[in-house]
Amino acid sequence: MNKHLTSEEKLSRARTQLLLNQPFFGTLCLRLKLVATPGFPTMATNGRLLLYNPTFVEKLTPAELEGVL
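Residues numbered from 1 in each chain as written. Predicted model: local features only at pLDDT ≥ 70, side-chain atom pairs only at ≥ 80, totals over all residues. Heavy atoms only, no water.

1. What to know about the nonpolar core
And step 1. Counting 10 residues, the largest nonpolar core is built from Leu11, Ala14, Leu32, Leu34, Met43, Leu50, Tyr52, Val57, Leu60 and Leu65.
And step 2. Residue assignment for this core shows that the elements contributing at least two residues are helix H1 (7-21) and strand E3 (49-52).
And step 3. Excluding its chain neighbours within four sequence positions, the residues that come into contact with Val57 are Ser7, Lys10, Leu11, Met43, Tyr52 and Leu65. (Core = buried A, V, L, I, M, F, W, Y, C linked by side-chain atoms within 4.5 Å. Buried < 20%, exposed > 50% of the residue type's maximum accessible area, 1.4 Å probe, protein only. Helix = DSSP H or I, 4+ residues; strand = E, 2+ residues; numbered from the N terminus. Contact = heavy atoms within 4.5 Å.)

Below is the structure:
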């Protein structure tokens, strides 16, 4: 695929894949609101929000991103 995905698109695809591969964790992950936080080093959650650094997300492969989620 030649199209460059944004970090939010990569997260969306990874969350969908997680839902298909691990329905329990995928359901939990889909409830989290995505919040781009460039000053944060990686990713974090408080159970309601999924904070992510777009640069960090862009460096991960789809499998790595699914694992982080």
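2. Section: the sheet that holds strand E2 (residues 43-45)
And step 1. Strand order in this open sheet of 3 strands is E1-E3-E2, and the pairing throughout is mixed. The open sheet terminates on both sides in strands that have one partner only, identified here as strand E1 (33-36) and E2. Mean inter-strand twist for the sheet, computed between neighbouring axes without regard to direction, equals 20°.
And step 2. Examined bridge by bridge, E2 and E3 share 3 bridges and lie antiparallel to one another. Across the sheet, the residue bridging to Ala44 is Leu51, located in E3. (Pairing = 2+ DSSP bridges. Axes fitted to C-alpha atoms, helices over the stretch in contact; angles between N-to-C directions.)

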